[in-house]
Amino acid sequence: MFLNAEQVTQALPWDAMVEALDAVFTRTVHSPVRHHHHMHVPGDPDATLLLMPAWIEGQYLGVKQVNVFPGNSARGEPGLSSHYLLSCARTGRHLAQLDGNELTARRTAGASALAARYLAREDARELLMVGAGRMGHRLIPAHRAIRPIERVRVWDIRESSAQALVEELVAEGIDAQVIPSDGLAEAVGRADIISCATLSREPLIRGEWLSPGTHVDLVGSFTPQMREADDEVMRRGAIFVDTRAGALSETGDLIDPLASGVITEADILADFPDLCGVRHAGRPALADADRAITVFKSVGASIEDLAAAIAAFERSTG
């Protein structure tokens, strides 16, 4: 079976995606550290092969292959391509190949929505989307599937990109508005949920702008050199992550404030295994819960890819 990007989308509506992620973090899943292999490409910059395996013993085995070829940009071709191979963990038989780009995008947005279910106020009605790229298009409907979002505001370093996304949202009947380049501070102060998905290397969200009760969802900053939130966001917020190992080693949003002593590892209150396993109740467990600022930092994990692939396969085969 092969599921292309459109079929992956159809197989993983947001409610099903969130439930699959919630369930997988209560199970025993083997997920080794991902493999990095660098390759010389004659006449082009070096390429990178990433392999991300995970398995549930006796049930499913999966691996995502990501090919990063920077030289493609000069030819007008995508620099990244990926696919996911799902197999039976009892016999080794191949079960399905899925488009890896869409699978990754949907599990990433689904993880943010799952975190919001535990951490955002139940009456959250205004969403600020920072970043109008590929992930922004998915994070908005993912969050709207979890909370009663009535208004969406969009900010992007390229205002034309924000405008294009807002036009799509309005065409769907959603109350949406572009935030001008100099309006980010005001928009942050008004939002109930702030979702960031950018490639920024400098903090965009400042802790002094946040209002009590806000939930901050940080999706970018997937390397130690990248930042989306400043130290004050982390100092003021109750911090949660998808996986501790990944968050502590891969994102500048945590590595920098940890290194400077603004926060300690003890300030990371819980990860998905804690939340989904009911070892931490999320926002309701916080002091002055209605006014608490929560911060979720995701970096992604192969366990999430496996959950998405299993859900897509099982829903497609009935």
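Up top is the structure.
Source: prediction; values computed, not measured.

Caption draft 1: Geometry of the sheet that holds strand 10 (residues 193–196). Ordered by their spatial adjacency, eight strands build an open sheet running 9-8-7-10-11-14-12-13, and the pairing between neighbours is parallel. The open sheet has two edge strands, strand 9 (175–178) and strand 13 (268–270), and neither has a second partner. Averaged over all neighbouring strand pairs, the angle between strand axes comes to 25 degrees, with direction disregarded. Direction of pairing for strand 11 (residues 215–218) relative to strand 14 (residues 294–297): parallel, over a ladder of four bridges. Of the residues in strand 14, the one forming a bridge with His-215 is Thr-294. Across the sheet, helix 3 (residues 100–119) is in contact with strand 11, strand 12 (238–241) and strand 14; its angle to strand 14 comes to roughly 155 degrees.

Caption draft 2: Region of interest: the pattern of salt bridges. Scanning all chains against the criterion turns up 27 salt bridges. Asp-22 serves as the salt-bridge partner of Arg-117, at 2.5 Å between the closest nitrogen and oxygen. In this pair, Arg-117 is assigned in helix 3 and Asp-22 in helix 2 (residues 14–24), connecting sequence segments 95 residues apart. A salt bridge links Arg-227 to Asp-256; its shortest N-O distance comes to 3.2 Å.

Caption draft 3: Representation of the side chain of Ser-302. By the element assignment, Ser-302 lies in helix 11 (residues 302–317). Looking at Ser-302, the relative accessible area reads 9%, which means it is buried. Setting aside chain neighbours within four positions, we find Ser-302 in contact with Ser-31, Pro-32, Met-52, Pro-53 and Ala-54.

What counts as what
Residues numbered from 1 in each chain as written. Predicted model: local features only at pLDDT ≥ 70, side-chain atom pairs only at ≥ 80, totals over all residues. Heavy atoms only, no water. Pairing = 2+ DSSP bridges. Helix = DSSP H or I, 4+ residues; strand = E, 2+ residues; numbered from the N terminus. Axes fitted to C-alpha atoms, helices over the stretch in contact; angles between N-to-C directions. Contact = heavy atoms within 4.5 Å. Salt bridge = Lys/Arg side-chain N within 4 Å of Asp/Glu carboxyl O. Buried < 20%, exposed > 50% of the residue type's maximum accessible area, 1.4 Å probe, protein only.

Read these as layout, nothing more, since geometry by itself doesn't imply function.
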